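So you can see what is in the structure, the chains are spelled out below.
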Amino acid sequence: MTQPPPLESPAFFTHDLRIRLHDTDAAGVLFYGHLFRHAHDAYESFMEHIGFALPALIGLGPTPLLPLPIIQAQARYLRPLRHGEAVRIELRVTEVRDRSFALDYRFCDTQGRACATASTVHCLADAQMTLPAELRRALTARIADLDHHSSRVDKR
């Protein structure tokens, strides 16, 4: 498997994958809806990496500890991702508020070219809750890291 090139900045969280046959449509390219499945996989890995694994964060049973549904999602497809391709997802935190945070995803091929971008906004379902201070700090620290490495920040 050819590996995507290393990033120039450690500020981005990265998640690697390979496009599998079950990810593709009849033309052999990534089915558009599966982009969000892969973005969500990167999100889960990122949250675990910063110390907030989703199983513990959302809790088990009928009442989640911290319900954080996605309230907005969008994607832009720049070039086809084909069956068998290695892909690196670069995830960055773009905004942190009292009850929500936003993430951007950049899907790159092995040459480092952007093939797709996506963004999600995660918001507490309970209007009476705020994000725990530890989670806000962990997320905000990622923004600070990106500001320090501004040459790699996508200004879209």
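Parameters and conventions
- Residues numbered from 1 in each chain as written.
- Predicted model: local features only at pLDDT ≥ 70, side-chain atom pairs only at ≥ 80, totals over all residues.
- Heavy atoms only, no water.
- Core = buried A, V, L, I, M, F, W, Y, C linked by side-chain atoms within 4.5 Å.
- Buried < 20%, exposed > 50% of the residue type's maximum accessible area, 1.4 Å probe, protein only.
- Helix = DSSP H or I, 4+ residues; strand = E, 2+ residues; numbered from the N terminus.
- Contact = heavy atoms within 4.5 Å.
- Salt bridge = Lys/Arg side-chain N within 4 Å of Asp/Glu carboxyl O.
- Phe/Tyr/Trp six-rings, centres within 6.5 Å; stacked < 30°, edge-to-face > 60°.
- Pairing = 2+ DSSP bridges.
- Axes fitted to C-alpha atoms, helices over the stretch in contact; angles between N-to-C directions.
- Expected span 1.5 Å × (residues − 1).
- Disulfide = S-S within 2.5 Å.
- pLDDT = per-residue confidence, 0-100.

Draft legend 1. Highlighting the nonpolar core. Judged by nonpolar contacts, the single largest core of 35 residues is most densely connected at Phe-46, Met-47, Phe-101, Tyr-105 and Phe-107. For this core, the secondary-structure elements that each account for two or more residues are β1 (13–18), α1 (34–49), α2 (54–58), β3 (86–96), β4 (100–108), β5 (114–123) and α3 (133–148). Take this core: its biggest share by element is six residues, from α1. Filtering out sequence-adjacent residues up to four positions away, Phe-107 remains in contact with Leu-35, His-38, Ala-39, Leu-81, Val-87, Arg-88, Ile-89, Arg-113, Ala-114, Cys-115, Ala-116 and Ala-118.

Draft legend 2. Broad picture of the pattern of salt bridges. Summed over the entire model, instances satisfying the criterion amount to nine salt bridges. A salt bridge links Arg-88 to Asp-16; the nearest nitrogen and oxygen atoms lie 2.8 Å apart. With a gap of 72 residues between them, Arg-88 in strand β3 and Asp-16 in strand β1 connect regions that are remote in the sequence. For Arg-88, a relative accessible area of 11% gives the class buried. By relative accessible area, which is 32% here, Asp-16 ends up partly exposed. When the shortest N-O distance is used, the salt bridge between Arg-97 and Glu-95 registers 2.9 Å. Among the residues examined, Glu-95 registers a relative accessible area of 35% and is labelled partly exposed. Ionic contacts of the salt-bridge type, sharing partners, join the residues Arg-79, Glu-85, Asp-109 and Arg-113 into one network.

Draft legend 3. Structural view of the packing of aromatic side chains. Taken as a whole and assessed by the stated rule, the structure comprises three aromatic pairs. Relative to Tyr-32, the ring of Phe-31 lies with its centre 4.7 Å away and its plane at 50°, an arrangement referred to as tilted. Since its relative accessible area comes to 34%, Phe-31 is described here as partly exposed.

Draft legend 4. Representation of the sheet that holds β3 in the model. A sheet is described by the order of its strands in space; here five strands give the open sequence β1-β3-β4-β5-β2, paired in antiparallel fashion. Where the open sheet ends on each side, the last strands, each with one partner, are β1 and β2 (70–77). Between one strand and the next, the sheet's axes are offset by a mean angle of 20°, whatever the strand orientation. Examined bridge by bridge, β1 and β3 share six bridges and lie antiparallel to one another. Bridging across to β3, Phe-13 finds its partner in Leu-91. Here α1 sits on the sheet and contacts β1, β2, β3, β4 and β5; the angle it forms with β4, its principal contact strand, is near 120°.

Draft legend 5. Structural view of α1. Across its 16 residues, α1 extends 23 Å between first and last C-alpha, which sits within 8% of the 22 Å expected from 1.5 Å per residue. Three or more residues of α1 are buried, namely Leu-35, His-38, Ala-39, Ala-42, Tyr-43, Phe-46 and Met-47. Where α1 ends, the next residue or the one after it, Gly-51, has phi of about 95°, a positive value.

Draft legend 6. Structural detail: the state of the cysteines. For the coordinates displayed, the defined rule picks out zero disulfides. Just so you know, Cys-108 is unpaired, no disulfide at all, and the nearest cysteine sulfur is the one on Cys-115, 6.9 Å from it.

Draft legend 7. Representation of the confidence of the model for the protein chain within the structure. Looking at the protein chain as a whole, the pLDDT averages 86, with 81% of positions reaching at least 70. Element-level mean pLDDT values for the protein chain span from 83 in α3 up to 98 in β5. In the model, residues 1–9 has pLDDT below 50 throughout and makes 27 contacts with residues more than four positions away in sequence or in other chains. Counting contacts from residues 149–156, a segment whose pLDDT is below 50, to residues more than four positions away or on other chains yields 15 contacts.

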